[in-house]
Amino acid sequence: MKKLLILSCLGLCTILVACNVKYFENAEFDDIVFDPSIAVVFGELNYTVDELFEQLNDANAGVTSNDEGVVTIVYSEELQSQSAQDFLQIQDQGFESSLPSGVDINNPGVSTTVTVSESYEFDLVQRRGERYDSIFFQSGLFDFSVESDFDAQIDFTATFTSLQEAGAPLTMSGTLTPGNNTFNDTESLSQYAGYFHLDSNGDAASNKFLVELTYDITITPTTTVSSTDRIQYSIGINNTKFERVYGYLDSQELEVSFEIVNFDFFSQFFTGDITFTDPQVNFVFNNSFGFPMSVDFQQIQASNEDGQTLSLQGDIITQLNEIAGPRVANEGAIRETTIEMNKDNSNIVDMLNIQPDRIVVDVIAESNPDGVPFQYNFINDASLLTVGVGIEIPFDMNIDGLQAEESMSFTPPEDIDQAKRLMIRLASENYIPLSGLVEIQFLNSNGDIVYSVDEQAAFEAAEVGTDGRTSLPANAVSDFVLEEDDIRAITNASSINLVVTLTTTDADQGASVKLFDDYELKFKVSGQLDVEFNSSGN
């Protein structure tokens, strides 16, 4: 758009700089006054639609063409969800129980051994309704402590059936005596897998932690043992991180990072209306979490520089937006899901009509949503949900009196006071259904307007045929004239402000037009300068 704005001033600035008349200072004439006209043809300027809008080709947006050949603005952002470890934290676990002897012995007179054993089944504690079948641990600690109240030696073995390394269960054993009746041990879980899919009867289950405890009581001839004597034990599984988890993770939120999509396009305009007919926003989800999700778009909002805001509305925020996840047989694969937001399922047209300078995207995904068929779940430490946001705005639009400004520095040429009259002529041939009015303002160092060239048409809009395209150009000739007093006025100018007003064909009737990539706007730029000088250089 910047080229379009400076176009009308290009010829003016060029002729002012070019017309330095110092070469007449040494002419051998006395008191002869010359009043010639200098006519210059500067050449032709040709622009396609995307070239006129090339200012949009920045870090946030690009200009391309869609399948129909309509020039299209494309914005893209990459959002990323929480990591797998942030999404799922394994709850710390704690279990405890005791095993009494169950026998009464009082001074048996002989030495013997009594063996006591028992199987235990504990339920893993969950934050929600998670049902774990197995967890392969990346790190964590397993703590086991035992205390005896026997007045005898105890030799125990604890087998933690649910924790295995290379197929062998974790086992701890030790000896307790009346003088040393406690035992404590800690084991790293980094090489262990937890299997929680069977109960103590061997039936299919979930969240079950199984323990086998056996101890021998060494009986001497004078030993006394009560049936209530026992050993007590406690188990702790703490500070774990997982490598892989299998089972069912219930319904919980997965946060996608908060991002702002900047719209530089609208920042160029300060008044007037622009309506896009068929904008689209595509959310592309790449999911390697092993469960289905739904996505909530309710926290999407557009805002403009005036403080006006508009939230997303429509079916897109009430319908089930499902994101597919790979099944356990395809662990490591990535499933891609595209959800399109358009004029039919949202108010995206209204959101762009407020000419936003930003759109706030805050997407919440939910695992295992209601209404989605059950799927066996898995997650590993590399699981990730990435979201690509692609905003496509085809130039299928209605522009009505949309104004833009552009400022540029200006230094009056030396000897400009010898100029008597200046005219810049723009002859346009326009295949684009877009007209432009141009006003040129000359400003001093304080920002005050010292002279302005009144608004006039720089190019006319081409008519659109029944097929939605233009076939014949609109031709126009515009003259920008500065008389002697006007030229004197701009000697104090230090900058030029250009004000362009754009309107598409039949905009006042609500018509939309398509700006195709093969449309062109052509200018022939020429100028005429009248100067007065005499042989004395005056």
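This text gives an overview of the structure that appears in the document.

Scoring rules and cut-offs
Residues numbered from 1 in each chain as written. Predicted model: local features only at pLDDT ≥ 70, side-chain atom pairs only at ≥ 80, totals over all residues. Heavy atoms only, no water. Pairing = 2+ DSSP bridges. Helix = DSSP H or I, 4+ residues; strand = E, 2+ residues; numbered from the N terminus. Axes fitted to C-alpha atoms, helices over the stretch in contact; angles between N-to-C directions. Buried < 20%, exposed > 50% of the residue type's maximum accessible area, 1.4 Å probe, protein only. Contact = heavy atoms within 4.5 Å. Core = buried A, V, L, I, M, F, W, Y, C linked by side-chain atoms within 4.5 Å. Polar contact = N/O pair within 3.5 Å; in protein donor to acceptor, adjacent residues only side chain to side chain. Salt bridge = Lys/Arg side-chain N within 4 Å of Asp/Glu carboxyl O. Patch = residues over 30% accessible without salt bridge, like charges linked within 9 Å, V, L, I, M, F, W, Y side chains within 5 Å. Areas by Shrake-Rupley, 256 points an atom, 1.4 Å probe, with all protein chains shown as cover. Phe/Tyr/Trp six-rings, centres within 6.5 Å; stacked < 30°, edge-to-face > 60°.

1. Quick notes on the sheet that holds strand E26 (residues 385-394)
Thought 1: Pairing is antiparallel across the open sheet formed by 5 strands, whose spatial order is E3-E4-E26-E19-E23. A strand with exactly one partner marks an edge of an open sheet, and here the two such strands are strand E3 (61-65) and strand E23 (335-341). The average angle at which neighbouring strand axes cross in this sheet is 25°, direction not considered.
Thought 2: Bridging between strand E4 (residues 71-80) and E26 involves 9 bridges; their strand directions are antiparallel. When the bridges of E26 are listed, tyrosine 75 appears paired with isoleucine 391.

2. Notes on the side chain of threonine 48
Thought 1: Structurally, threonine 48 can be placed in strand E2 (residues 37-48).
Thought 2: The exposure class of threonine 48 is buried, given its relative accessible area of 17%.
Thought 3: Setting aside chain neighbours within four positions, we find threonine 48 in contact with Asp517, Tyr519 and Glu520.

3. Observations concerning the nonpolar core
Thought 1: Ranked by size, the top nonpolar core spans 130 residues in total, and within it Phe142, Phe144, Phe209 and Phe283 carry the most contacts.
Thought 2: When neighbours within four sequence positions are excluded, phenylalanine 283 is seen to be in contact with Phe297, Ile300, Thr337, Thr338, Ile339, Met341, Val361, Val363, Val387, Gly388 and Val389.

4. Considering the pairing of strand E31 (residues 474-483)
Thought 1: Along E31, the buried face is formed by Ala474, Ala476, Ser478, Phe480 and Leu482; none of Asn475, Val477, Asp479, Val481 and Glu483, which line the opposite face, is buried.
Thought 2: Both strand E28 (residues 419-430) and E31 contribute to a ladder of 10 bridges, which runs antiparallel. Bridge pairing links alanine 427 to valine 477 in E31.

5. As for the environment of glutamine 93
Thought 1: Note that glutamine 93 resides in strand E5 (residues 93-100).
Thought 2: Spatially, the C-alpha atom of glutamine 93 lies 9.6 Å from that of phenylalanine 142, the residues being 49 residues apart in sequence.
Thought 3: Apart from the residues lying within four places of it in its own chain, the contact partners of glutamine 93 are Asp123, Leu124, Val125, Ile235, Gly236, Ile237 and Asn238.
Thought 4: There is a polar contact of 3.1 Å between the side chain of glutamine 93 and the backbone oxygen of glutamine 91.

6. A short note on the pattern of salt bridges
Thought 1: For the coordinates displayed, the defined rule picks out 12 salt bridges.
Thought 2: Salt-bridge contacts for glutamate 429 lead to lysine 522; the nearest nitrogen and oxygen are separated by 3.9 Å. In this pair, glutamate 429 is assigned in strand E28 and lysine 522 in strand E34 (residues 520-531), connecting sequence segments 93 residues apart.
Thought 3: Overall, glutamate 429 belongs to the partly exposed group, its relative accessible area being 29%.
Thought 4: The closest approach of N and O atoms between glutamate 484 and arginine 488, which form a salt bridge, is 3.0 Å. Of the two residues, glutamate 484 and arginine 488 both sit in helix H5 (residues 484-489), 4 residues apart, roughly one turn of that helix.

7. Comments concerning a nonpolar patch on the surface
Thought 1: On the surface, Val328, Phe374 and Tyr376 cluster together to form a nonpolar patch covering roughly 280 Å² of accessible area.
Thought 2: Exposure remark for valine 328: the relative accessible area of 38% places this residue in the partly exposed category.

8. Comments concerning the pairing of E4
Thought 1: Two elements, E3 and E4, share 5 bridges in a ladder whose sense is antiparallel. Bridged to serine 65 within E4 is valine 71.
Thought 2: Following E3, the chain reverses through 5 residues before pairing antiparallel with E4; glycine 69 in that reversal takes a positive phi of roughly 90°.

9. Description of the packing of aromatic side chains
Thought 1: This structure, assessed with the given rule, holds 24 aromatic pairs.
Thought 2: Relative to phenylalanine 160, the ring of phenylalanine 144 has its centre 5.0 Å away and its plane inclined at 75°; by these criteria the two rings are edge-to-face. Pair noted here: phenylalanine 144 is in strand E8 (residues 131-148) and phenylalanine 160 is in strand E9 (residues 153-165), with a separation of 16 residues, a long-range link.
Thought 3: Seen in terms of ring centroids, phenylalanine 276 and phenylalanine 395 are 6.4 Å apart; in terms of plane orientation they differ by 40°. Their pairing is tilted. With a gap of 119 residues between them, phenylalanine 276 in strand E18 (residues 269-276) and phenylalanine 395 in the loop between E26 and strand E27 (396-409) connect regions that are remote in the sequence. Each member of the pair, phenylalanine 276 as well as phenylalanine 395, is classed as buried.
Thought 4: Following the ring pairs from residue to residue traces out a cluster consisting of Phe95, Tyr120, Phe122, Phe142, Phe144, Phe156, Phe160, Phe183, Phe209 and Tyr233.

Just geometry here; none of it tells us what the structure is for.
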